[in-house]
Amino acid sequence: MIDIRDTERYNISPEALISDAFETAYTRYADEQPAAPPDIAMPIFTGISMVLLCALFVLTAFEYPDKKVTWFVLSAACIGFGAYSAFKYIKKNNEYRKAAGKPSTIKKKRESFFALFSKDGEALPETVTAGEMLKYVSPIIGKQNDQVNNSAIREISEELARINNPSCIMCRLMNVCGPRFDQPRRRLYFKEENGSYVFFDSDWNKPRGEIVCSEDDIVSFGEYSKYPGINTSGGKIRGDAVIVELQDENNHIYFEFPGESYSQLKKTLPAKKEKK
């Protein structure tokens, strides 16, 4: 039996999507962070050495006043090198303190990220369409100050793009099919799934639904030339098109596939239904 119904192909759980994206982005961020604190011994001994050298240069400057400018420059260089060494240590230590793995850090970043998608603290809905979610995501891509947030938002955007543009064969509905598909030439995706064949609307923004059938509902498929009496009221059909015909007691439906998809259809559809 052919089942014409709503489609959930473009529905997503926003909480799960946001959580997965955050985990992926944070894991990538964690891999880039130092795994151990910086060595403190080096900056300490460097600082002591620079202080001793600076003192020595200052004493030498007083001992040889005619060359004191040179010795004072050398002492200033020692101070500068010591300060630079201390600055490098502080920077690396701060990076380590911000590194992943600390529960408080993860929790704070997660809450900050989820707050980007909730209005006035409201809970996220259980499900939304990928198109609706895209309205929230698109304006904030690349506009966050936090590296993790920016990376996670890109993850969400890419996943929504995959949901809205699946890698399935595309076809056109050739004739009106009930009140849901009341216009011919509508573009649909096609896939085999759990022993059934599914034709679902390619309009991810406002999908009309999907058509699901079993192998028994497939009457035939083959080149357009094998269907001389087909109804072409839905528009011009390309000469190299492939036709798939479905029928049950209530519906008689034709789909037009591009010619280059024939080999894939032959692998997917039952061989005994091919028109030769």
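Residues numbered from 1 in each chain as written. Predicted model: local features only at pLDDT ≥ 70, side-chain atom pairs only at ≥ 80, totals over all residues. Heavy atoms only, no water.

Draft legend 1. Inspection of the nonpolar core at higher detail. Counting residues in each nonpolar core, the largest one holds 27 residues, and the members touching the most others are Ile18, Phe113, Phe117, Met133, Val137, Ile156 and Leu160. For this core, the elements supplying multiple residues, two or more each, are helix H1 (14–32), helix H4 (103–115), helix H5 (130–137), helix H6 (147–164) and strand E6 (196–201). Per-element accounting of this core gives the leading share, 7 residues, to H1. Sequence-distant contacts of Met133, that is, excluding residues within four places in its chain, are made with Ile12, Pro14, Leu17, Ile18, Phe117, Val128 and Leu160. Grouped together as the second largest cluster of nonpolar side chains are 23 residues, Phe199, Phe221, Val242 and Tyr262 included. (Core = buried A, V, L, I, M, F, W, Y, C linked by side-chain atoms within 4.5 Å. Buried < 20%, exposed > 50% of the residue type's maximum accessible area, 1.4 Å probe, protein only. Helix = DSSP H or I, 4+ residues; strand = E, 2+ residues; numbered from the N terminus. Contact = heavy atoms within 4.5 Å.)

Draft legend 2. Geometry of the packing of aromatic side chains. Per the counting criterion, the structure on display carries 12 aromatic pairs. Measuring from centroid to centroid gives 5.5 Å for Phe22 and Tyr26, while their planes differ by 25°, and the two rings are stacked. With a gap of 4 residues between them, Phe22 and Tyr26 both fall in helix H1, about one helical turn apart. Each of the two residues, Phe22 as well as Tyr26, counts as buried. When the centroid spacing of 5.6 Å and the interplanar angle of 85° are considered together, the rings of Phe190 and Phe257 count as edge-to-face. With Phe190 in strand E5 (residues 187–193) and Phe257 in strand E10 (residues 252–257), this pair connects stretches of sequence that are 67 residues apart. In this structure an aromatic cluster arises from ring pairing among Phe190, Tyr197, Phe199, Phe255 and Phe257. (Phe/Tyr/Trp six-rings, centres within 6.5 Å; stacked < 30°, edge-to-face > 60°.)

Draft legend 3. Layout of H5. Within the sequence span of H5, burial applies to Ala130, Gly131, Met133 and Val137. Seen along its axis, H5 keeps its buried residues to an arc of 155°; they face one direction. (Arc of directions from axis to C-beta.)

Draft legend 4. Examining the sheet that holds strand E1 (residues 3–5) more closely. The 8 strands lie next to each other as E1-E7-E6-E5-E4-E10-E9-E8, forming an open sheet whose pairing is antiparallel. If you trace the sheet from one side to the other, it starts and ends with E1 and strand E8 (218–223), each paired once. On average, adjacent strands in this sheet sit at an angle of 25° to one another, irrespective of strand direction. Sheet topology places strand E9 (residues 242–247) next to E10; 6 bridges connect them, and they run antiparallel. Considered in E10, the bridge of Glu245 is made with Tyr254. (Pairing = 2+ DSSP bridges. Axes fitted to C-alpha atoms, helices over the stretch in contact; angles between N-to-C directions.)

Draft legend 5. Geometry of a nonpolar patch on the surface. On the surface, a nonpolar cluster with roughly 510 Å² of combined accessible area is contributed by Ile40, Ile44, Phe45, Ile48 and Leu52. The class of Phe45 is exposed, set by a relative accessible area of 57%. (Patch = residues over 30% accessible without salt bridge, like charges linked within 9 Å, V, L, I, M, F, W, Y side chains within 5 Å. Areas by Shrake-Rupley, 256 points an atom, 1.4 Å probe, with all protein chains shown as cover. Salt bridge = Lys/Arg side-chain N within 4 Å of Asp/Glu carboxyl O.)

Draft legend 6. How the structure looks around the pattern of salt bridges. Under the criterion given, the structure shown has 19 salt bridges. Two residues, Lys135 and Glu132, come together in a salt bridge whose shortest N-O distance is 3.4 Å. With Lys135 and Glu132 both in helix H5, this residue pair falls 3 residues apart, about one helical turn. Lys135 gets classed as exposed once you look at its relative accessible area, which sits at 52%. Note on Glu132: relative accessible area 33%, which makes it partly exposed. In this structure, Arg238 and Asp240 form a salt bridge, with 3.2 Å as the shortest nitrogen-oxygen distance. Here Arg238 falls in the exposed class, since its relative accessible area comes to 53%. Take Asp240: its relative accessible area is 39%, and that puts it in the partly exposed class. Several salt bridges share partner residues, and in doing so they unite Asp3, Arg5, Arg9, Lys191, Glu193 and Glu210 into one network.

Draft legend 7. Structural detail: the state of the cysteines. For the structure on display, the rule yields 0 disulfides. You can see Cys168 has no disulfide; the closest cysteine sulfur is in Cys171, sitting 10 Å from it. On the accessibility criterion, Cys168 (22% relative accessible area) is partly exposed. With no disulfide of its own, Cys177 lies closest to Cys213 among cysteine sulfurs, the gap being 11 Å. (Disulfide = S-S within 2.5 Å.)

Draft legend 8. Here's a closer look at unusual backbone geometry. In this model, Arg185 sits at a positive phi of 70°, which is unusual for a non-glycine residue. Inspection of the secondary structure assignment puts Arg185 in the loop between strand E4 (169–173) and E5. Positive phi outside glycine occurs at Asn194, with the angle close to 50°. Secondary-structure assignment places Asn194 in the loop between E5 and E6.

Draft legend 9. View of the side chain of Asp248. Residue position: Asp248 is located in the loop between E9 and E10. With no salt bridge to any partner, buried Asp248 finds its closest opposite charge in Arg5, at an N-O distance of 12 Å. Only 2.9 Å separates the side chain of Asp248 from the backbone nitrogen of Ile2, close enough to count as a polar contact. Once residues within four sequence positions are removed from consideration, Asp248 is found in contact with Met1, Ile2 and Asp217. (Lys, Arg positive; Asp, Glu negative; His and termini not counted. Polar contact = N/O pair within 3.5 Å; in protein donor to acceptor, adjacent residues only side chain to side chain.)

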